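# Remarks on the overall topology
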Amino acid sequence: GEISKTGANYPDPSNHCAPYAPPFTFAMQLGVQVLQAKDRIAMIYNQDDQVRHVRLNASHPAQVMPSAMGDSVGHYEDDTLVIDTVGIETGSIAMIDRYGTPRSEALHIVERYRLVDYQTAREAAERHQKQDGPAGLGGNVSVDPDYKGNGLQLQFTVEDPKVFTAPWSAAVTYRRIKGDWTEQICAENSFEYYSGKATAIPTADKPDF
């Protein structure tokens, strides 16, 4: 927030090539592939080739070790995939969305995925564009206009009592994208292209080993 007041862009997981922990994932990712195995699901996102792993029909451990994507467990309720995530580690660029809204170690997310028909998916996309403007980042992703099949709808709820006064919910509707799944590599470096300056590499006054 302080950086934004100066008119400069601020560091976030995207411009720092860091993991996109949910729900920041949902604000940035315009394409997702869901790969299901017998006891787990892998979710692959097109923006910077991010990956999440979800254990099916499992429970969170009694002591969750915080990690970049958190500990995610899932199960099916009829035609809906429900994913419960806790244990997402925090840090200097930990945020909920592209506006820099903070989050804490108490963050808890419940995601619900289900297929919706073409009309429902199209109406959701059109409603989003009227409210928030056109979707897309530099033309990297565009919807296939000839595809009339189902869309994938995500409804999620966020709880973080250390940041928010009450739980809140939102929705994302994915539609079939046009063209090949393009590899996008985020190359780490010390030059902050968004601010036009170099960041010094952290150093220690003395070795710690």
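Residues numbered from 1 in each chain as written. Predicted model: local features only at pLDDT ≥ 70, side-chain atom pairs only at ≥ 80, totals over all residues. Heavy atoms only, no water.

## A look at the confidence of the model for the protein chain
When pLDDT is averaged along the protein chain, the result is 87; 90% of the residues meet or exceed 70. The secondary-structure element of the protein chain with the lowest mean pLDDT is strand S9 (residues 191-192), recorded at 68, while strand S5 (residues 80-86) shows the highest, at 98. (pLDDT = per-residue confidence, 0-100. Helix = DSSP H or I, 4+ residues; strand = E, 2+ residues; numbered from the N terminus.)

## What about the environment of Pro-66?
Mapped onto the secondary structure, Pro-66 falls in the loop between strand S3 (50-56) and strand S4 (71-77). Relative accessible area serves as the criterion here: at 45%, Pro-66 is assigned to the partly exposed category. With 65 residues separating them in the primary sequence, Pro-66 and Gly-1 have C-alpha atoms 25 Å apart. With residues up to four places along the chain from it excluded, the contact list for Pro-66 reads Gly-87 and Glu-89. (Buried < 20%, exposed > 50% of the residue type's maximum accessible area, 1.4 Å probe, protein only. Contact = heavy atoms within 4.5 Å.)

## Quick notes on the pattern of salt bridges
In this structure the tally under the stated criterion is six salt bridges. Its salt-bridge partner being Arg-55, residue Asp-71 comes within 2.7 Å of it at the nearest N-O pair. Separated by 16 residues along the polypeptide, Asp-71 in strand S4 and Arg-55 in strand S3 bring together distant segments of the chain. By relative accessible area, which is 24% here, Arg-55 ends up partly exposed. (Salt bridge = Lys/Arg side-chain N within 4 Å of Asp/Glu carboxyl O.)

## With respect to the sheet that holds strand S2 (residues 40-45)
Read across the sheet, eight strands follow the order S1-S2-S3-S4-S5-S6-S7-S8 without closing on themselves; strand pairing throughout is mixed. Edge positions in the sheet fall to strand S1 (32-36) and strand S8 (168-174), since each of these pairs with one other strand and no more. Averaged over all pairs of adjacent strands, the angle between strand axes in this sheet comes to 25°, irrespective of strand direction. Running over the sheet, helix H3 (residues 118-132) touches strand S6 (108-116), strand S7 (151-159) and S8 and is turned about 130° from S6. (Pairing = 2+ DSSP bridges. Axes fitted to C-alpha atoms, helices over the stretch in contact; angles between N-to-C directions.)

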